[in-house]
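Each chain, letter by letter, is given below.
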Amino acid sequence: MDYSSTVLLPKTDFPMRADLPKREPAMAADWLRNGTYESLLQVRQGSPDFHLHDGPPFANGDAHVGHALNMVLKDIVLKSRAMSGFRTPFVPGWDCHGLPIEHKVVTEQKLVGADPSVIRSKCEEVARHFIARQREQFQRLGVLGDWKKPYLTMNPEYEAAELRILAELVEKGMVYEGLRPVHWSTGCRTALAEAEVEYADREDESVYVRLELKDAPDEDLLVWTTTPWTLPANLAVAVHPGMTYVLADTGSGRKVWLAKSRIEAVSKAAGKELRVIREGRGKELEKRPYHHPLVKRGGQVHTAEFVTADSGTGLVHIAPGHGHEDYVLGRQHGLEPFSPVNEAGKLTAEAGVPELEGKNVFAANPEVADLLEQRGRLWAREKIRHSYPHCPRSKTPIVFRSVRQWFIRMDQLREKALEAVGQVKWVPGWGESRIRGALGARPDWCISRQRSWGLPIPAFYKPDGSSVLDPAVIRKVADRAQKEGAGFWFSASDGDLAKSCGVPGDWSRGRETMDVWLDSGSSWSAVAQDGRVKFPADLYLEGSDQHRGWFQSSLLLSVALSGKAPFRTVLTNGFVVDVDGRKMSKSRGKPPALMELVDKYGADVVRLWVASEDAREDVPFSTEIFGRVGDSYRLIRNSLRILLGNLAGFDPQKHAVPEKNRRPLDRYILARLAGLGKAVREAYEGYNFPAVYHALNRFCSVELSALYVDACKDRIYCDGENEPARRSAQTTMHVVLGALTRWVAPVLAFTAEEAWKAMPGAKGSSIHLESFPEVALPSGWSAEEESKWEKILLVRGKVNEALEEQRKAKKIGKSLEAEIRLEGKGLGPEDCGLLEEVCLVSHLEIAEGPDEFVVQVAPARGSRCERCWKHGESVGQRPVHPTLCGRCADVVAAGEKR
């Protein structure tokens, strides 16, 4: 007789094959259509708030794998906080203005020199296009948020709020117009923020130059520079006051001053032997005058603490118009910035060297060296390869150039900002050191840009060229911008603007736009106005490069206006890198597109990859890594599937078994579930998502699949449908499934939803409206019970080893063909049934024995039951079912009666 139809095998519509790329879009659409995000806020009404403020990505392209890393991390944080009982509003945003979009528009649509209003219109089109695309892509990742009303830095309300922030800064005396060196992109013809530049290796000419001292015609100051093109702008030389310098004989009748520690390196570079004549401290060289090597001008030696002897000669060529430290030293000694370089990066006649006029500064480097050699001032020259800042858009090397720009004074902000840093929690902890270092070294903040696509700085210029930046005028511009957007500043005439702003009619408007870091850095105030984001936010979460970007600009503006940081905690993620640790970035070409990954693997595999990596460091990406993550995903999915399958026919309202009547193995897995719950919740709370991943992975593979589910098969498949032992297992599996599904939901947003909907019993409309379960240890669980289970699992391991030896010896096949005799201490005859269950053997006997358990394996007595495959002497005792054991014969007979 075929008894297969009497075995209660797992049944579920939850498929083994996930088909995530096909199934997920419908779920994402359901969440949007059903207002799951809005429902979540409603469900948590009255609960404590947790606000993660979104740092806006640039709306200049499709989302890539770096966006996926950051956005999934944010969503895991928010979903886990929501399931921990918090109300978690999330307002996504986009950075809309700035060079990335304008450069794309101007170059691709050939709009160089076009009217600013035309450029702005095209830029807005591009921004809105990519906002729509990125919004769809983030929604496809399963990210819940206020997608219907994101914040955009180009929205009129936002622009008005930012202008009012500027007005306050001006009112506090923090903004000024000045001539000082800035990062200048010759390719894009605009100033850049330090946070915008990228570093790349390039080869340049470096030169050692002799500067003849006026008070000692046979003595020279020996300086070294990697930017020979800045030598025409030299106005001073810097030495360290406490460093030891030497006067050395060159063997050619001339003597040179250099740092004592640099003698060997400098001699090697020039191939010349140096003989020390005398030595002294740097302060002894102070104020000594010298002749300029290229023009009829002189300079003086000044002391400066920033001078080092790590490279060069220990004497630093100072050009106040071409470097921050040079500028600061120049200001201390009354030296105005001198920068004979135009916006195209070419030397001008002002340099005083006719041979160099009109030359690109980098092309001029070898020519400067040639001129020095011709004039007898070159000590040595050599090619060097060094890391140098570049414009991220045009890819051209940056020129440090003095330009009249608008700045925010750092001396009024630095100490307050550093004080605020200490009141913030930084995760990881080194983030605090990084931002302190960035703030400590930061020059005044250049907030003006020579671009069209941005928020205007509402300055006016009088006929004599002097500038006026008036808070009252800025507020008038803000009021109008709130109604119609800031574009009118570019489209209206100077006369109309002057009239509407209440200034004299012969004043002309400024053309500069604001630094986009001021745009995004204003979000803490601009977005908080409608109450959707609180101040200060509970968390900012962005890439580690934002210590010198958004974290810093937000902090500075918030401290300036409110006196405190805009965030309570700052969590940073690393960059996505290849397996060799090299950064994958959009500007360096071809990071994986987000939708390529989602269409190939599914969003949940992308999300699991994010959770599996320690994102606080750089995160490696490769198809091999995704393959391993896919294996982990299938383990978790199959664990959910087998639990769902085993719950076929189970109604928790009708069939649940009270905890006091649960079987020992059920109590064991519930104890392990309680431990898992504690670990998972603590890991979510501490933003330790890899710990969540590993804890869930281990539970599914070790505790659940390899032990509990396997050991329960006989009860689930072969006991009568309503047998207490079977219902006890199903009740327990229902608890495990409910907890596991909710704990995994912040990571596997789609799979958890799918499993939740397939679960038996009454439940809410979405897993994401649920809370994490409170799973306690089984009632009465004690240290003694825990100790007993340690012995049981120890025995199980020994039994499995002994069974494997018997298989290799061909004495048994499957474990049910064996019976076990166990000798040892701590377990008794009352434990035989439990040990048979966990060891998957047909019969087990226990006898008192030595401290170490001894296991003996023998072929199982009796015959094999055709239905449950256990061996036993009860097989064949029922004439009606001669091939079944007593238990199976009773189950089948009961079924026949029904």
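Quick caveat: nothing in here was measured; it's all calculated off a predicted structure.

Draft legend 1. A look at the packing of aromatic side chains. For the structure shown, the criterion picks out 23 aromatic pairs. Where W426 meets F567, the ring centres are 5.9 Å apart and the plane angle is 75°; that geometry is what we call edge-to-face. Pair noted here: W426 is in strand β17 (residues 425-427) and F567 is in strand β25 (residues 567-573), with a separation of 141 residues, a long-range link. Each member of the pair W426 and F567 is classed as buried. Taking 6.0 Å as the distance between ring centres and 80° as the angle between the ring planes, the aromatic pair formed by W609 and F621 counts as edge-to-face. Pair noted here: W609 is in helix α19 (residues 603-612) and F621 is in the loop between β27 (619-620) and α20 (623-646), with a separation of twelve residues, a long-range link. Each member of the pair W609 and F621 is classed as buried. The structure contains a cluster of three or more aromatic residues connected by ring pairs, namely W426, Y540, W550, F551 and F567. Lying across the ring of F750, R140 places its NZ or CZ 5.8 Å from the centre. Geometry around W379 places K272 over its ring, the cationic atom sitting 4.2 Å from the centre.

Draft legend 2. Geometry of the environment of A200. Relative to the helices and strands, A200 resides in strand β6 (residues 198-212). Since its relative accessible area comes to 32%, A200 is described here as partly exposed. Counting along the chain gives 151 residues from A200 to A351, while the straight-line C-alpha distance between them is 28 Å. Those residues in contact with A200, other than ones at most four positions away along the chain, are H386, S387, Y388 and H390.

Draft legend 3. How the structure looks around the sheet that holds β25. The strand order across the open sheet formed by four strands is β1-β24-β25-β17, and the pairing between neighbours is parallel. Every other strand in the sheet has two partners, leaving β1 (52-53) and β17 as the edge strands with one partner each. Sheet topology places β17 next to β25; three bridges connect them, and they run parallel. Each bridged residue has a counterpart across the sheet, and for K425 the counterpart in β25 is T569. Of the strands in this sheet, β1, β24 (537-543) and β25 touch helix α3 (residues 65-83), which is tilted by about 155° from β24.

Draft legend 4. Quick look at the packing of α19 against helix α23 (residues 689-718). For the pair α19 and α23, interaxial distance at closest approach is 7 Å and the crossing angle is 110°. Classified by the interaxial angle, the pair formed by α19 and α23 is roughly perpendicular. Here L608, A611 and S612 of α19 come into contact with α23, specifically with F689, P690, Y693 and H694. Looking at side-chain class alone, the contact of α19 with α23 contains five nonpolar, two polar and no charged residues.

Draft legend 5. Quick peek at helix α24 (residues 724-744). With 21 residues, α24 ought to run about 30 Å at 1.5 Å a step, and its terminal C-alpha atoms sit 30 Å apart, in line with that. By the criterion of burial, α24 is predominantly enclosed, with 19 of the 21 residues buried.

Draft legend 6. Layout of the side chain of Q139. Along the chain, Q139 falls in helix α5 (residues 116-140). With relative accessibility at 17%, the residue Q139 sits in the buried group. Among residues more than four places away in sequence, those in contact with Q139 are A28, L32 and W147.

Draft legend 7. Region of interest: the sheet that holds strand β12 (residues 289-291). Read from one edge of the open sheet, four strands run β12-β13-β8-β14, paired in mixed fashion. Two strands in the sheet have a free side with no partner beyond their single neighbour: β12 and β14 (315-318). Neighbour-to-neighbour, the strand axes of the sheet open up by a mean angle of 30°, direction not taken into account. Against the sheet, helix α8 (residues 324-332) touches β8 (236-239), β13 (298-303) and β14, its axis set at about 80° to β14.

Draft legend 8. Molecular detail of the pattern of salt bridges. Inspection of every chain in the model, using the stated rule, returns 63 salt bridges. Put simply, R532 and D146 hold a salt bridge, and the shortest N to O gap is 2.8 Å. On the criterion of sequence distance, the pair formed by R532 in the loop between α16 (523-526) and β24 and D146 in the loop between α5 and β3 (151-152) is long-range, its members being 386 residues apart. Both residues of the pair, R532 and D146, belong to the buried class.

Draft legend 9. Expanded view of the pairing of strand β16 (residues 399-408). Counting buried positions over the ten residues of β16 gives eight, a clear majority of the element. As judged from the ten bridges shared by strand β4 (residues 175-185) and β16, these two strands associate in the antiparallel manner. Within β16, the position partnered with H183 by the bridge is F400. Inspection of the sheet shows β16 paired to strand β18 (residues 445-446) by two bridges, in the antiparallel sense. Within β18, the position partnered with I408 by the bridge is W445.

Draft legend 10. The nonpolar core, seen in detail. By size, the foremost hydrophobic cluster in this structure holds 147 residues, and its most contacted members are L141, W609, L665, Y708, L740, L835 and V838. Broken down by element, the residue count for this core peaks at 15 residues, all from α23. If we skip the residues at most four places from it in the chain, Y708 touches L665, D666, I669, E703, A729, T732 and M733.

Draft legend 11. Local environment of the packing of helix α1 (residues 20-33) against helix α25 (residues 749-758). Across the interface, α1 lies against α25 with an axial gap of 10 Å and an inter-helix angle of 80°. Relative to α25, the element α1 is oriented roughly perpendicular. For the pair α1 and α25, the contacting residues are L20, R23, E24, M27, A28 and W31 in the first and A749, F750, T751, E753 and E754 in the second. In terms of residue class, the contact of α1 with α25 is made up of six nonpolar, one polar and four charged.

Draft legend 12. Main features of unusual backbone geometry. In this model, V427 is joined to P428 through a cis peptide bond whose omega is -5°. Following the sequence through the fold, P428 ends up in the loop between β17 and α11 (430-441). Cis geometry marks the peptide bond from F535 to P536, where omega comes out at -10°. In this model, R189 sits at a positive phi of 55°, which is unusual for a non-glycine residue. Topologically, R189 is positioned in the loop between β4 and β5 (190-192). Classification of R189 by relative accessible area gives partly exposed; the value is 38%. Here the phi dihedral of W869 falls at roughly 70°; this positive angle occurs in a residue that is not glycine. Tracing the backbone through its elements, the reader meets W869 in the loop between β31 (863-864) and β32 (871-872).

Scoring rules and cut-offs
Residues numbered from 1 in each chain as written. Predicted model: local features only at pLDDT ≥ 70, side-chain atom pairs only at ≥ 80, totals over all residues. Heavy atoms only, no water. Phe/Tyr/Trp six-rings, centres within 6.5 Å; stacked < 30°, edge-to-face > 60°. Helix = DSSP H or I, 4+ residues; strand = E, 2+ residues; numbered from the N terminus. Buried < 20%, exposed > 50% of the residue type's maximum accessible area, 1.4 Å probe, protein only. Lys NZ or Arg CZ within 6 Å of the ring centre and 35° of its normal. Contact = heavy atoms within 4.5 Å. Pairing = 2+ DSSP bridges. Axes fitted to C-alpha atoms, helices over the stretch in contact; angles between N-to-C directions. Parallel < 35°, antiparallel > 145°, perpendicular 65-115°, else oblique. Nonpolar A, V, L, I, M, F, W, Y, C, P; charged D, E, K, R; others polar. Expected span 1.5 Å × (residues − 1). Salt bridge = Lys/Arg side-chain N within 4 Å of Asp/Glu carboxyl O. Core = buried A, V, L, I, M, F, W, Y, C linked by side-chain atoms within 4.5 Å.

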